[in-house]
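Results of the structural survey
Residues per chain, in single letters:
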Amino acid sequence: MSSRADWRDRLNPQMEPGLAEEIDVFEAQLELRQQDRIDERVFAETRLRRGAYGQRYDNGLRHDGTGQKQLPYPAGRLTKGPETMWDAPGMLRIKLPYGGITPDQLDVIAESAEEHSDGILHITTRQDVQLHFVHLEDTVTVMRRIGAVGITTREACGNGVRNITGCPVAGVCHTEAFDVTPYADAMFRFLLGHPDCQDFGRKFKIAFSGCAGEACGLVMMHDFGAIAQVRDGVRGFSLWVGGGLGTTPQQAKLLYDWVPASDLLPVAQAVGRVFGRLGEKKNRNRARIKFLITKLGVDEFRGLVDAERAILPHDDRWTSFLPGAEAWADNPRKAPAPRDPSAELPEGYAEWARTNVQAQRQAGYSVATVALPLGDLTSEQARGLSDIARLHVGDNIRTTVEQNVVLRYVPDAELPALYQALAGIGLASAGAGTILDITACPGTDTCKLGISSSRGLAGELRTRLAAASYIGDASIEGLRIKVSGCFNSCGQHHVADIGFFGNNRKINGYSVPHFQVVLGGRWRENAGSYGMPVGAIPSKRIPEVVEKITTTFASERHEGETFQDWIARLGKKEIGVLLADLKAIPGYDEDRSFYVDWADAREYSVGDIGVGECAGEVISRTELFLTEAEGTAFDAQVALEDGDLARADDLSYRAMLQAAWALVRTEQFDASGDPDDVVREFKQRFYDTERFFDRFSGGKFARPLFVRHAEGAPSDPDAEQVRILADETQLFIDAVHQYEIRQAGATGASV
Amino acid sequence: MSDFPARISAKFFLRDGGDVDAPALIPVFHEWIRRGGVVSGLVIDVADYHHVPDGPGVMLIGHEWDRAVDFTGGRAGVLSVSKRDLDGSLSERVAAVVADALAAASALAGEPSVPWARVGLDEVEVTILDRLFAPNTPESLEAIGPEIAAALAPLNDGAGPGLEQVGDTRRPFKVRASLAGAPDLAAALEGLRASAVA
Ligand code: SF4
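Residues numbered from 1 in each chain as written. Chains lettered and ligands numbered in written order. Predicted model: local features only at pLDDT ≥ 70, side-chain atom pairs only at ≥ 80, totals over all residues. Heavy atoms only, no water.

What chain B contains, in helices and strands, is four helices and eight strands. Scanning chain B from its N terminus toward the C terminus, one meets helices and strands in the order β-α-β-β-β-β-α-β-α-β-β-α. Compactness check: chain B gives a C-alpha radius of gyration of 16 Å against a globular reference of 16 Å for 198 residues, within 12% of the reference. When its C-alpha atoms are laid out on the principal axes, chain B stretches across 40 × 35 × 30 Å. In chain B, buried positions account for 61% of the 198 residues. Counted over contacts in chain B with a minimum sequence separation of 6, partners at least 24 positions apart contribute 64%. (Helix = DSSP H or I, 4+ residues; strand = E, 2+ residues; numbered from the N terminus. Rg over C-alpha atoms; globule rule 2.2 N^0.38 Å. Buried < 20%, exposed > 50% of the residue type's maximum accessible area, 1.4 Å probe, protein only. Contact = heavy atoms within 4.5 Å.)

All right, on to the interface of chain B and chain A then. Counting residues at the interface gives 39 residues for chain B and 47 residues for chain A. When chain B packs against chain A, the two sides together hide about 3,800 Å² of surface, and 55% of this comes from carbon and sulfur. Looking at the side of chain B facing chain A, the largest losses of area belong to Arg131, Leu132 and Arg170 of chain B, adding up to 17% of the total buried there. If you look at where chain B meets chain A, you find ten salt bridges. Between Arg170 of chain B and Asp107 of chain A there is a salt bridge, with the nearest N and O atoms lying 2.8 Å from each other. Run the count over chain B and chain A and you get 17 residue pairs in polar contact (both at pLDDT 80 or more). Of all the elements in the fold, those that place two or more residues in the side of chain B that touches chain A are α1 (25-35), β2 (43-49) and β3 (57-62) of chain B. Take the side of chain B that touches chain A: its biggest share by element is six residues, from β2 of chain B. A breakdown of the residues in the side of chain B that touches chain A according to their chemical character gives 21 nonpolar, five polar and 13 charged. (Buried area = accessible area lost by both parts, 1.4 Å probe. Salt bridge = Lys/Arg side-chain N within 4 Å of Asp/Glu carboxyl O. Polar contact = N/O pair within 3.5 Å; in protein donor to acceptor, adjacent residues only side chain to side chain. Nonpolar A, V, L, I, M, F, W, Y, C, P; charged D, E, K, R; others polar.)

With that settled, the discussion passes to the pattern of salt bridges. All names here are of chain A. Inspection of every chain in the model, using the stated rule, returns 75 salt bridges over all chains. Arg189 is paired through a salt bridge with Asp185; the nearest N and O atoms lie 3.0 Å apart. Of this pair, Arg189 and Asp185 both sit in helix α6 (residues 181-191), separated by four residues, roughly a single helical turn. The shortest N-O distance in the salt bridge between Lys683 and Asp688 comes to 3.1 Å. For Lys683, a relative accessible area of 32% corresponds to the partly exposed category. The partly exposed category is assigned to Asp688, whose relative accessible area is 44%.

Residues and elements named next belong to chain A. With respect to burial, strand β24 (residues 532-538) is a largely interior element, five of its seven residues being buried. Relative to β24, strand β23 (residues 510-519) runs antiparallel, the two being bridged by six bridges. Paired with His514 across the strands is Pro538, a residue of β24. (Pairing = 2+ DSSP bridges.)

Residues and elements named next belong to chain A. Pairing is antiparallel across the open sheet formed by five strands, whose spatial order is β7-β18-β19-β16-β15. Of all the strands in the sheet, the pair left with one neighbour each is β7 (100-101) and β15 (357-359). Note that strand β16 (residues 365-370) and strand β19 (residues 405-411) share five bridges and pair antiparallel. The residue of β19 that forms the bridge with Ser366 is Val410.

Now for the sheet that holds strand β14 (residues 253-260) of chain A. Residue and element names in this part refer to chain A. Ordered by their spatial adjacency, five strands build an open sheet running β10-β11-β12-β13-β14, and the pairing between neighbours is mixed. Edge positions in the sheet fall to β10 (161-166) and β14, since each of these pairs with one other strand and no more. On average, adjacent strands in this sheet sit at an angle of 20° to one another, irrespective of strand direction. Here helix α9 (residues 298-311) sits on the sheet in contact with β13 (234-241) and β14, set at roughly 35° to β14. (Axes fitted to C-alpha atoms, helices over the stretch in contact; angles between N-to-C directions.)

Another aspect to go through is the domain arrangement of chain A. Residue and element names in this part refer to chain A. With domains assigned, chain A is organised as domain 1 (1-157), domain 2 (349-424), domain 3 (439-595) and domain 4 (621-747). Distance between the C-alpha centres of domain 1 and domain 2: 29 Å. The partner domain 2 presents 22 residues to the 23 residues of domain 1 that form the contact. Counting the surface lost from both domain 1 and domain 2, the interface buries some 1,900 Å², and carbon and sulfur atoms represent 54% of this. Contact with domain 2 buries area across many residues of domain 1, yet Pro103, Leu106 and Ile123 alone supply 30% of it, more than any other trio. Here domain 1 is connected to domain 2 by three salt bridges. Ionic pairing is found between Glu114 and Arg383, a salt bridge with its closest N-O pair at 2.8 Å. (Domains from an automatic or database assignment.)

Let us look at the packing of α6 of chain A against helix α7 (residues 264-278) of chain A. Residues and elements named next belong to chain A. As a packed pair, α6 and α7 sit with axes 10 Å apart at the nearest point and diverge in direction by 45°. By the angle between their axes, α6 is oblique relative to α7. Regarding α6 and α7, the two cross each other, and that crossing is right-handed. Residues Tyr183, Ala186, Met187, Phe190 and Leu191 of α6 form the contact with α7, whose own contacting residues are Leu264, Leu265, Ala268 and Gln269. (Parallel < 35°, antiparallel > 145°, perpendicular 65-115°, else oblique. Left-handed = near helix turned anticlockwise from the far one by under 90°.)

Residue and element names in this part refer to chain A. For helix α1 (residues 4-11), the complete set of buried residues consists of Arg4, Asp6, Trp7 and Leu11. For α1, the buried positions fall inside an angular range of 160° around the axis, keeping them on one side. Its buried side turned inward, α1 meets α2 (17-34), α4 (103-116) and α5 (136-147). (Arc of directions from axis to C-beta.)

Attention now goes to the environment of Ala648 of chain A. Residues and elements named next belong to chain A. Among the secondary structure elements, Ala648 is positioned in helix α21 (residues 645-667). Distance in space between the C-alpha atoms of Ala648 and Thr632 is 9.6 Å, their sequence separation being 16 residues. With residues near it in sequence (within four places) discarded, Ala648 still touches Ala636, Ala639, Leu640 and Val722.

Here we take up the nonpolar core. Membership of the largest hydrophobic core comes to 60 residues, with the highest contact counts inside it found for Phe12, Phe29, Val98, Leu102, Leu108 and Ile148 of chain B. For this core, the element with the most residues is helix α2 (residues 90-109) of chain B, which contributes 13 residues. If we skip the residues at most four places from it in the chain, Phe12 of chain B touches Gly77, Val78, Val98, Ala101, Leu102, Val119, Gly120, Leu121, Glu123, Val124, Leu155 and Leu179 of chain B. Among the nonpolar cores identified, the runner-up in size contains 58 residues, and Ala382, Ile397, Leu427 and Ala428 of chain A belong to it. (Core = buried A, V, L, I, M, F, W, Y, C linked by side-chain atoms within 4.5 Å.)

Below, the discussion takes up the confidence of the model for chain A. Residue and element names in this part refer to chain A. Within chain A, residue pLDDT values average 91, and 96% of them lie at 70 or more. Residue range residues 614-619 is modelled with pLDDT below 50. Its contacts to residues more than four positions away, or to other chains, number 34 contacts. For residues 746-751, every residue scores under 50 in pLDDT, and the model assigns this stretch 17 contacts once sequence neighbours within four places are set aside. (pLDDT = per-residue confidence, 0-100.)

Time to look at the confidence of the model for chain B. Regions with low pLDDT carry predicted coordinates that are not meant to be interpreted in detail. Per-residue confidence for chain B averages 93 on the pLDDT scale, and 96% of its residues sit at or above 70. Confidence estimates for the predicted assembly give a pTM of 0.87 and an ipTM of 0.96.

Let us look at the side chain of Thr434 of chain A. Checked against the element boundaries, Thr434 of chain A lands in the loop between α14 (415-424) and β20 (439-440). Taking relative accessible area as the criterion, Thr434 of chain A reaches 7% and is therefore assigned buried.

Moving on, we get to the packing of aromatic side chains. Residue and element names in this part refer to chain A. Applying the stated criterion across every chain yields a total of 32 aromatic pairs over all chains. For the ring pair Tyr510 and Tyr595, a centre distance of 5.6 Å and an interplane angle of 75° mean the geometry is edge-to-face. Residue Tyr510 is located in strand β23, and its partner Tyr595 is located in the loop between α19 (563-579) and α20 (621-641); the two are separated by 85 residues in the primary sequence. An aromatic cluster is defined as three or more aromatic residues linked by ring pairs; in this entry it consists of Phe682, Phe686, Tyr687, Phe692, Phe693, Phe706, Phe732 and Tyr739. The ring of Tyr57 is capped by Arg62, whose NZ or CZ atom sits 5.4 Å from the centre of that ring. (Phe/Tyr/Trp six-rings, centres within 6.5 Å; stacked < 30°, edge-to-face > 60°. Lys NZ or Arg CZ within 6 Å of the ring centre and 35° of its normal.)

Let us look at unusual backbone geometry. All names here are of chain A. In the Ramachandran plot, Asp232 falls in the positive-phi region, its phi being about 50° despite a non-glycine side chain. Within the secondary structure, Asp232 is located in the loop between β12 (224-231) and β13. Overall, Asp232 belongs to the exposed group, its relative accessible area being 81%.

Residue and element names in this part refer to chain A. Contact pair helix α22 (residues 675-687) / helix α23 (residues 703-711): the axes reach a minimum separation of 11 Å and the direction vectors enclose 145°. The handedness of the crossing between α22 and α23 is left-handed. Contact residues: α22 offers Pro675, Asp676, Val679, Phe682, Lys683 and Tyr687, while α23 offers Arg703, Leu705, Phe706 and His709. Taken together, the residues of the contact of α22 with α23 sort by class into six nonpolar, one polar and three charged.

Here you go:
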């Protein structure tokens, strides 16, 4: 077969020498690992830094709906990382800074997908391309093939600077201060492999935005972000730090309200140094920069960055890109041309143009969005798209965080022809940026940490919504839906109008896939605020949730009221009432479809969830235990609603015990689960020491546990008392979460 | 240059490509994984791409092989892709891949929940997914066409069929062959297996 050596001989001369060498080194490490001559952990870190991730089932186990079964991979016990079998198919992530890609690059990725993957290119929510089901031995060849056309997988994963995202309409947008593209590009090149960015405890995500008001850059949810501003005719940026999603979403804090462009790279370098030096290293779950910012406060952090900046040795690269950046200009393929109003239009064009086309700042040009279902396109479509781009727009292609592709600088006169060409390759779907354009992370399809099927749900919603008449309402059509397979939030559900993240509930002894509903996140203003969690609903009822929420909003909103305002007006309680009947689940024997996830056929199980190296944060043991506690608390609510007071009381108590036990086990790994031991240990370690206390509530959220434990189960439970206990249980679990967050901040700065 | 391609695929088109319900394959493929032994090699997972127009539909992902009811080119067919090195000459390798596609088609023919998944034996597409080994050029056809034709001979009354090269040079090397048509899947498989070293 065509070997890696064949490709190396052919492609190495075409690559930048440094890159060719790096890939050679990775290949050598791969061979050493195959011979078991380097440690699996060392190899795992190397592999991740080269963008090669594990996928679901890579520990060699898979639940087939009846039980967990061994996958007998041919390489036997050889691993490519801890609990990661050598032969398990993996994912390769290709970085596209600011989503920029040329037709030639797209062709090469298409070829690589076809020859080394499953023929699908998947656009991610951070403008990367991912290939799935790639054999580890094949990753080297893909790296070489894409490296020969100037793209890389380097640091696409692992604890480093990930892809740098940016507005896909930068340079053609009406509201931007200036085109951020060359600045994002310069930072990407400067920080790639930079020695000051090799010692992070966790990943570091950077975003650029051309203005503050629109969504495109999503700066507020990034570890580090830059928003363009011009002051006194000088280009510069406001810089933001410490944003993030995941289990503890935080909005970024203002680091500097303005720095000139000449200071952009040294400040980023100084931030990297401070984060590398003070960020948490041991506990990956607390190692993102947001925890360091929380601990230190942004003012102290800024002082450290200032001090670091002052002693940085000068680097010519800080400013050598500036003349080129100032002079940066896109290179349209064609001259602008207005559309001929008398020209006959193809069928379907008007609707497509309404949702997928926006006029550029440059008269006579438009941006056309190619809406990709679930971010997927085939190699054949990718080639077709690159042909279309060559004809109409040249190199002006970008991927988007909404998992689409935009073609920029389409002469207006050519839009109908472009539409027809896209229709010819099955890529002319209308609905970009509407409720039909659903974003979803990989979820249980391929991600080790997936809890529920985000792609399955997104596909189902898309199909149903496309056929639903109610989405024609203007107030509904513009809403955004985003789905994550778990709380790590790669689907960016926090900033959706209607967001979902997967979780699991144990009901009557069966695991039932659920999604937590998160409403009212703000997409605009660079992901300006996060949504409100309003409760978990069985996966199979989520389409009903969407219909109920959207139609109620359309019919009951006040004149001019936004979705976010409506959600805020209703509040958690009223929304809870609105969705209450959708929490019900038929019995297992009555309707088994509720016990099977979307786009799956196996009885649902969480047995396939792995620990480790996914696109998101690593699940800590505490979080897993707390998830169980939440599941039990949910069951208590269900029992309460069913009028089974004794069971609701018992489940509430057990949920509090689980949460307390989760904390105890952070300090005593093998702590007994006996209720007396749990309560005693929790009280001694966390309550009596006041460590559990917060500034406003002291330790009051723990008291219901002590009282219920001391008094035992009521002989004749009172409905009101049990309802209070169920509510207090949720507050106790929330307080444990908060304790974890506080701890995270404290630990973050202690290293 | 190596002597053999990294990946080879074969696709037999569905007899009635008009009434395909791709999601119905999801439970079928999951059940194949659970049962084991339905198709050869290690089967790992089911990948659902039925939302992608003219895409790979629903795939049964394996370690050595992927199988799918594939819609590429706008025509549905049972596809098998060999992903790991095979044994034998190129002709034997192609025969092994074609045999695997027929075996998958045969297994699907036994699934009552997908009555539309029945292939015709009068046409097959063979793709060499390795541009380094065989770019999609007339020279490649000249060089490896005879070996592919020889592999298909058992499905064509023992004679190598004519091959029609498909697609331009940016596509992987692909040929389509019209076949005399074996009487049934079992006979076709038997003939092929005799000439393949799988
Ligand atoms: S970690 Fe969770 S949110 Fe991220 S890709 Fe995996 S399932 Fe989706």
